[in-house]
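# Structural overview for review
These are the residues of each chain, in order.
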Amino acid sequence: MRNLTRLMLSVAAGVMLAAAASAEPLHLNDKGYFETRGVNVLVFANGANSLFNDAKIAGVELIQQGVRTATNGDVRLMPTPGQWDEMGLVKDRQVDAASGVVTTTVSYPKYDFTYQVRVAPKGEGVSVSVSVILDKPLPEALAGKAGFNMEFLPAAYFHKSYLADGVAGTFPLYPSGPMKSLGEGVPMSRLLPQTEPLPLAHGKTFVLAPEDPARRVTLTSDSDIALYDGRNQAQNGWYVVRSLLPAGKTGTVVSWTMTANSVAGWVRPPMIAHSQLGYAPSQAKKAVIELDPNDKPAGEARLLEIAADGTFTPVLTAEAKPWGHYLRYDYRTFDFTRVTKPGLYVIEYEGQRTSPFRIAADIYATAWEPTLDVYLPVAMDHMKVNEAYRVWHGDSHKDDAMQAPPGDDHIDLYASKPGGTDTQFKPYEHIPGLNVGGWFDAGDFDIRTQTHYAVVRSLVQSWEKFGLTRDDTLIDHQRRYVDIHVPDGKPDLLQQIQHGTLQLVAQFDAVGHAINGIVEPDVAEYPHLGDAVTKTDGLIYDRSLGRDEVKDGRSGMPDDRWAFTNTTSALNYGSIAALAAASRALKGFDDPLADKSLGIARKVWAEEHSHAPNLYHHGNTTGGDLVEEELSAAVELLITTKDPQYARRIDALWPEVSQTFAANAATLAKALPLMPKAFKAKVRPAVVAWKAEADKLASANPFGVPITEGGWAGGGTVVEYGLTAAALNHEFPDIINPDAVYQALDYMYGTHPGSNVSFVSGVGTVSKEVAYGNNRADFSFIAGGVVPGVLILKPDFPENKEDWPFFWGENEYVINVGAAYIELVNEANARLKP
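Residues numbered from 1 in each chain as written. Predicted model: local features only at pLDDT ≥ 70, side-chain atom pairs only at ≥ 80, totals over all residues. Heavy atoms only, no water.

## Description of the overall build of the chain
- Helix and strand counts for the chain stand at 15 helices and 41 strands.
- What you see for the chain is a C-alpha radius of gyration of 28 Å, in line with the 28 Å of a compact globule of 834 residues.
- A principal-axis box enclosing the C-alpha atoms of the chain has dimensions of 85 × 75 × 55 Å.
- The buried share of the chain, reckoned over its 834 residues, is 59%.
- For the chain, the share of sequence-separated contacts (at least 6 apart) that also reach a separation of at least 24 residues comes to 68%.
- Per element, the accessible surface of the chain, about 31400 Å² overall, is 54% carbon and sulfur. (Helix = DSSP H or I, 4+ residues; strand = E, 2+ residues; numbered from the N terminus. Rg over C-alpha atoms; globule rule 2.2 N^0.38 Å. Buried < 20%, exposed > 50% of the residue type's maximum accessible area, 1.4 Å probe, protein only. Contact = heavy atoms within 4.5 Å. Areas by Shrake-Rupley, 256 points an atom, 1.4 Å probe, with all protein chains shown as cover.)

In structure tokens:
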């Protein structure tokens, strides 16, 4: 019976292969990847992220029926490598249009190991051959370790099966595969046993998802192929297929044939990009319709009003105007600006209807509240955060912080100079006073100073411009306790400003200057998921105690976060800009903290101007551009004190500021009312030039905003674009109109490539419900969190995964974008008021 079953499965696999073979063959297109209808194979078009290493956008990748389902086809040194594990460095990539072959040369310099990955069309079906070619035998140190891996997205294969040489299996929904121990871990890690997954199955022919034409992939090889579940080792792991490289051989040492099923006649359904939140009656209203180039598009779209009895009444039928081609899709636009009646609507095109959205005068009035009510409280460090029956996290990191040692090139872009720490504390010594205030930077749990001071300044902007007195959260710093949806008689915005300011002040109190930040001591602790209070024991580390010993409120467990403390002028300027701004907002709310903040700001400004700038720089944790940071400090001090010395410094900085005007425009605009009229006249030509460049970038796509391409999606850039336009419109209304404010919000709420989901969780009818927050292991979200959005994978693929939270470049909440979003929504709302 077993042999009969295997025979039947083999026959079924053969039928599938025959069906795939009847599809149009893959060919190398003019963009450098293999293409046929419904299937694309990318070959090292994207690479490892220089900042965050393995971002799951590298090597050989597969896009099948419009979904990227496989990545990282490359030689790796373990079965299921994690984010920080070694990756080969691409040395050369050759696209031979004549032969239709892509050959990539990759190396591991540490092992003096170089190889080629060659990908070419094979046969008449939707198949490519993927070969690993060696000029020299595999180094002895890599024997049994180096293998050709390809990773398949778990969410694409949940509830699906596979065949390994005809033997059936199902992909585990939750990791439950076999493991083996590799022995003890690193001394400074709490995770002592190190482990590695064992294969779920072996074979020389694998068929993935044979029952699903949209996801069926067949892999064949003369080498053994093993299937692993990388989630056994890390929640963000993928299913991995792998063939070990043989020792002692040269030439083609591993060769696979990969056949991806192309659904006959497949056409990607139209995507109607629109604001999931809705529109104000007076604003421009434009939907963007994204179309497969193989589609035969309809000429018209309709706007339908939804009545109380559930009927849909057409209120506008108009041309879906052709816009042109962008990335890999064709686009049309549907303008319904003329419809101003408040109500509930949907857009209909080619038989599809959008989710309902509103047209209402108060459309933006409360759209910012989830960010202030939920997201920012959940991100508060050094506090217990409660919401009704739920505890988001306990009083985290009470043991902050341990002095990071010198010369440490750490994780997540933190590092310390080899020459010292710039403090009086010895390596691994406790630095008192840092366990107050601050927010978790993003989906992880570090305190990144550069992000913090941006948040404080943005929240102060919202307070001063809009007077947001909303009170929906209890924040008690004495008890180190937060309760969401429990008013306490105090404006939540001021309490958040206070919370961020406490951390910034604590840094100056502790070491005399701003620090890079506070982060986990090792890579084992860094990816912690769950309650932040369980990440450390909350007890100050004492080296004199045994590892599991506790005495007098201290412990021998080296789990305390490290403070990276090297001083930089950029960080000092950025921090005192926030402190000067906070001192204004906190006046009358927390006078001692306001006075102290301004005192630090003035003192540090004077100190920085008494010596040459400290230019230490590493990653994105040591401050931004020095001129930009100094300008921000001068502007905030000028607004706070009206002291003319700061106006003179702004004027002196102008020649350098003008060279990077776009980055400095919003900050500079704040100072213009306090600057001489002649200075504003100098700025005016730069504003004209900014508008010309911004219009050029915005017109390069049908969505009307600048869309960035790179390893981190550009939602934050779009928000800043809207805020910059708002600031310049205030000072130069004859040059800059406020349209960009609404276009930026439309983009964030769903008018963007790839999908029409709102990038603000819980805001809009359909929004991000699976995101990269610190609860990402639960495939959940934090209301009010703002994700980066659409990542443009080279050369032309827009992506934002809805079913896989672990793409930080697409789905990770970051606190400064949340704060900026609050400001942008209120800019839009303020402009609608009489």
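## What about unusual backbone geometry?
- Note the cis peptide between D400 and A401, where omega equals -5°.
- If you trace the backbone, A401 turns up in the loop between β30 (390-393) and β31 (402-403).
- For the bond from K794 to P795, the omega torsion is 0°, close enough to zero to count as cis.
- Positive phi values are uncommon outside glycine, yet Q65 reaches one of about 50°.
- Within the fold, Q65 resides in the loop between β4 (60-64) and β5 (67-76).

## Looking at the pattern of salt bridges
- Counted by the stated rule, this structure contains 44 salt bridges.
- One salt bridge connects E61 with R68, and the closest N-O pair in it is separated by 2.8 Å. Across the pair, exposure class does not vary: E61 and R68 are buried alike.
- Between E348 and R302 there is a salt bridge, with the nearest N and O atoms lying 2.6 Å from each other. (Salt bridge = Lys/Arg side-chain N within 4 Å of Asp/Glu carboxyl O.)

## Some words on the sheet that holds strand β39 (residues 562-564)
- The sheet built from four strands is open, its strands ordered β31-β39-β35-β32 with mixed pairing. For this open sheet the edge positions go to β31 and β32 (447-448), each flanked by a neighbour on one side alone.
- Judged from the two bridges that link them, β31 and β39 form a sheet pairing that is parallel. Its bridge partner lying in β39, Q403 is registered against A563. (Pairing = 2+ DSSP bridges.)

## Regarding the packing of helix α13 (residues 739-748) against helix α15 (residues 815-832)
- Packing of α13 against α15 leaves a shortest axis separation of 10 Å and a crossing angle of 130°. Taken as axis vectors, α13 and α15 run oblique relative to one another. For the element pair α13 and α15, the recorded crossing hand is left-handed. Residues V741, Y742, A744 and L745 of α13 touch α15, and the partners they reach there are Y821, L824, V825, E827, A828, R831 and L832. (Axes fitted to C-alpha atoms, helices over the stretch in contact; angles between N-to-C directions. Parallel < 35°, antiparallel > 145°, perpendicular 65-115°, else oblique. Left-handed = near helix turned anticlockwise from the far one by under 90°.)

## What about the packing of aromatic side chains?
- Enumeration over the complete set of coordinates arrives at 35 aromatic pairs.
- Members of the aromatic cluster, joined through ring pairs, are F152, Y157, Y162, F171, F206 and Y239.
- One residue, R776, lies across the ring of Y772, its end atom 3.9 Å from the ring centre. (Phe/Tyr/Trp six-rings, centres within 6.5 Å; stacked < 30°, edge-to-face > 60°. Lys NZ or Arg CZ within 6 Å of the ring centre and 35° of its normal.)

## Observations concerning the nonpolar core
- Residues Y364, I497, I650, F661 and Y749 are the most contacted members of the largest nonpolar core, which totals 145 residues.
- No other element matches the eleven residues that helix α6 (residues 569-586) contributes to this core.
- Once you skip the residues sitting within four places of it in the chain, I650 turns out to touch L631, A634, V635, L638, L668, A671, M675 and F679.
- In this structure, L28, Y115, L208 and F807 belong to the second largest nonpolar core, which totals 58 residues. (Core = buried A, V, L, I, M, F, W, Y, C linked by side-chain atoms within 4.5 Å.)

## Observations regarding α15
- Between the first and last C-alpha of α15 there are 27 Å, a value that for 18 residues agrees with the 26 Å anticipated at 1.5 Å per step.
- Burial within α15 is extensive, with 14 of its 18 residues counted as buried. (Expected span 1.5 Å × (residues − 1).)

## Observations regarding the side chain of N72
- In this fold, N72 is placed in strand β5.
- A polar contact is formed between the side chain of N72 and the side chain of D54, at a distance of 3.0 Å.
- Here E151 takes part through its side chain, which lies 3.2 Å from a polar atom of the side chain of N72.
- Ignoring any residue separated from it by four or fewer positions in sequence, one finds N72 in contact with D54, K56, I57, A58, G59, V60, E61, M87, N149, M150 and E151. (Polar contact = N/O pair within 3.5 Å; in protein donor to acceptor, adjacent residues only side chain to side chain.)

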